Amino acid sequence: MGFATDAIHAGQTPDDTTGAVIVPPYLTSTYVQEEIGKHKGYEYGRTHNLTRASMENNIAALEKGKYGIAFSSGLAATQALMNLVKSGDHIIVSDNVYGGTYRLFEMIMTNFGIKYSWVDARNPRNVEKAIRKNTKMVFIETPTNPMLNLTDISAIAEICKKHKLLSVVDNTFMSPYFQKPLTLGADIVVHSSTKYLNGHSDVIGGILLTNRAKVHEKMRFIQNAAGAVPSPFDCWLILRATKTLAVRMKQHNENAQKIAEYLTTKKYAKKVYYPGLPEHPQYDLAKKQMSGFGGMVSVDFGSTKKAYSFAKKVKVFTLAESLGGVESLVCHPASMTHASVPKKDREKMGLADSLIRLSVGIEDVEDLINDIDNAIK
Ligand code: P1T
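Residues numbered from 1 in each chain as written. Predicted model: local features only at pLDDT ≥ 70, side-chain atom pairs only at ≥ 80, totals over all residues. Heavy atoms only, no water.

1. Considering the sheet that holds strand 12 (residues 355–359)
- Across the sheet, which stays open at both edges, the five strands sit in the order 8-9-12-11-10 with mixed pairing between neighbours. Where the open sheet ends on each side, the last strands, each with one partner, are strand 8 (271–273) and strand 10 (318–319).
- In this sheet, strand 12 lies alongside strand 11 (residues 329–331) in antiparallel orientation, the contact comprising three bridges. By the bridge assignment, L329 is partnered in strand 12 with S359.
- Those strands touched by helix 12 (residues 304–313) are strand 10, strand 11 and strand 12, and its axis lies near 30° from that of strand 12. (Pairing = 2+ DSSP bridges. Helix = DSSP H or I, 4+ residues; strand = E, 2+ residues; numbered from the N terminus. Contact = heavy atoms within 4.5 Å. Axes fitted to C-alpha atoms, helices over the stretch in contact; angles between N-to-C directions.)

See the structure below:
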């Protein structure tokens, strides 16, 4: 089946009792047992929930994965992944990731003896060079938040296979509509389903997708044993939202492409970051591994004052953290999403105090462009 068909149907069958076409939110913490040990396969809400399972299977189908394991946030999903390694193990990470991922790895997981190397993964050779005896995993975000750097997923997967490492791709920025890392050889995909998958800025969620039975088994165990599960209602909202993922992503992409192209013609935008611009240094790779360029655009205004003023003056764009919702958001990564990253590390990757990140929504693009222009004036 095609993507849009799977988005609407995969993982879902009409309800057995009533024939309800839409999987209901099973808002229950527990299930009746006929006698001890005799039940319908559902024992307790943390362990089993049909709304959650439907959502997991739906997103797994979209990512071309066999298994989906959902969590209460994107970071909870990433944290669960850390159970695949142990104290003394080493993980290689792309040097630009969401600031919260950096904070989780450097400020929490290092206390448990996990070691991290941060490398510029735009060149896969840097990843291979960073491999040590105790390396177990390579974790990349592509495109990165907020610099929109790309990593060649196939090249990383190949390196990981050669050295028997697990390859993980945070696919939050593209969504499976534009990029399917498992089909390029990655072992695990992680999402903040808070973003495009849900797309309506009303849920916090995360999910892991894989084709590896052993990874699935371990993660399913962690999901239940550590317990960071999403609520059935949130799962229902996400399942409702993925039905329109294809149409939303097309519009995000169309609007973002127009805005990025428009900004490149304006003197006030000192630098525009968008993988759909031919001047993006990795435009060829973008065309190779993605089927669209997404809805995220970053702009360097060349001065912190101008960046602050722009964020304050836009009216259709809302100043807020997060991304991937139908409404357009503006964010100042240095003080918001990436405040946990030391300034010198931010600057090394071009994440200046003068940088503004736009999550381009699906409003009328003329209104968004007018909003940008009015703010600049
Ligand atoms: O917020 P949460 O659902 O826990 O997801 C964390 C996360 C993981 N990966 C990427 C690429 C992300 O962008 C995020 C969250 N990002 C934001 C909140 C933000 O505004 O960038």
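Alright, that's what it looks like, and here's the rest.
2. Examining helix 8 (residues 213–226)
- Taking 1.5 Å of rise per residue, the 14 residues of helix 8 would be expected to cover 20 Å, and the 19 Å separating its terminal C-alpha atoms lies within 8% of that figure.
- Among the residues of helix 8, those classed as buried are V215, H216, M219, I222 and Q223. One face of helix 8 carries all of its buried residues, which in axial projection span an arc of 130°. Exposed positions of helix 8 whose direction lies more than 90 degrees from the buried face are K214, E217, F221 and A225.
- For helix 8, the secondary structure elements touched by its buried residues are helix 2 (50–62), strand 1 (67–71), helix 3 (74–81), strand 5 (166–170), strand 6 (188–192) and strand 7 (206–210).
- Phi turns positive one or two residues past the end of helix 8, at G227, with a value near 90°. (Expected span 1.5 Å × (residues − 1). Buried < 20%, exposed > 50% of the residue type's maximum accessible area, 1.4 Å probe, protein only. Arc of directions from axis to C-beta.)

3. Focus on the nonpolar core
- Formed by 96 residues in total, the largest nonpolar core has its most connected members in I259, L263, V297 and L358.
- Sorting elements by how many residues they give to this core places helix 10 (residues 245–264) first, with eight residues.
- Two domains each provide a minimum of three residues to this core, namely domain 1 (3–242) and domain 2 (245–376). (Core = buried A, V, L, I, M, F, W, Y, C linked by side-chain atoms within 4.5 Å. Domains from an automatic or database assignment.)

4. Overview of the site of the ligand
- The full set close to the ligand counts 17 residues, and N145, D170, T194, S322 and R357 are the nearest of them.
- Here an oxygen atom of the ligand and a backbone polar atom of G74 are 2.9 Å apart.
- At 2.7 Å, a backbone N or O of S322 approaches an oxygen atom of the ligand.
- When the ligand sits alone it has 480 Å² of accessible area, and the protein chains cover 94% of it.
- Of the residues belonging to the shell around the ligand, the class tally is three nonpolar, nine polar and five charged.
- Looking at which domains feed residues into the shell around the ligand, each of domain 1 (3–242) and domain 2 (245–376) gives three or more. (Near = heavy atom within 4 Å. Polar contact = N/O pair within 3.5 Å; in protein donor to acceptor, adjacent residues only side chain to side chain. Areas by Shrake-Rupley, 256 points an atom, 1.4 Å probe, with all protein chains shown as cover. Nonpolar A, V, L, I, M, F, W, Y, C, P; charged D, E, K, R; others polar.)

5. Things to note about the packing of aromatic side chains
- Taken as a whole, this structure holds 13 aromatic pairs when the rule is applied.
- Ring geometry for Y274 and F293: centres 6.4 Å apart, planes at 70°, overall edge-to-face. One end of the pair, Y274, is in the loop between strand 8 and helix 11 (283–289); the other, F293, is in the loop between helix 11 and strand 9 (296–300), with 19 residues separating them in the sequence.
- On the accessibility criterion, Y274 (0% relative accessible area) is buried.
- Here the aromatic cluster, defined as three or more aromatic residues joined through ring pairs, consists of Y102, F105, Y116, W118 and F139. (Phe/Tyr/Trp six-rings, centres within 6.5 Å; stacked < 30°, edge-to-face > 60°.)

6. With respect to unusual backbone geometry
- Between T142 and the following residue, P143, the backbone shows a cis peptide bond with an omega angle of -5°.
- By the element assignment, P143 lies in the loop between strand 4 (135–141) and helix 6 (153–162).
- Here N145 and P146 are connected by a cis peptide whose omega angle stands at 5°.
- Inspection of the secondary structure assignment puts P146 in the loop between strand 4 and helix 6.

7. Digging into the side chain of Q223
- Tracing the chain through its elements places Q223 in helix 8.
- Among the polar contacts listed, one links the side chain of Q223 to the side chain of E56, at a separation of 2.9 Å.
- Residue contacts for Q223: discarding those within four places in its chain leaves R52, E56, I69, A70, F71, A228 and V229.

8. Looking at the sheet that holds strand 1
- One open sheet accounts for seven strands, arranged 1-7-6-5-4-2-3; its pairing is mixed. If you trace the sheet from one side to the other, it starts and ends with strand 1 and strand 3 (115–119), each paired once. The sheet shows a mean angle of 20° between the axes of neighbouring strands, direction not considered.
- Pairing of strand 6 with strand 7 involves five bridges; the strand directions are antiparallel. If you follow I188 over to strand 7, its bridge partner there is T210.
- Along the sheet face, helix 4 (residues 99–107) touches strand 2 (90–94), strand 3 and strand 4 and points at about 140° away from the line of strand 3.

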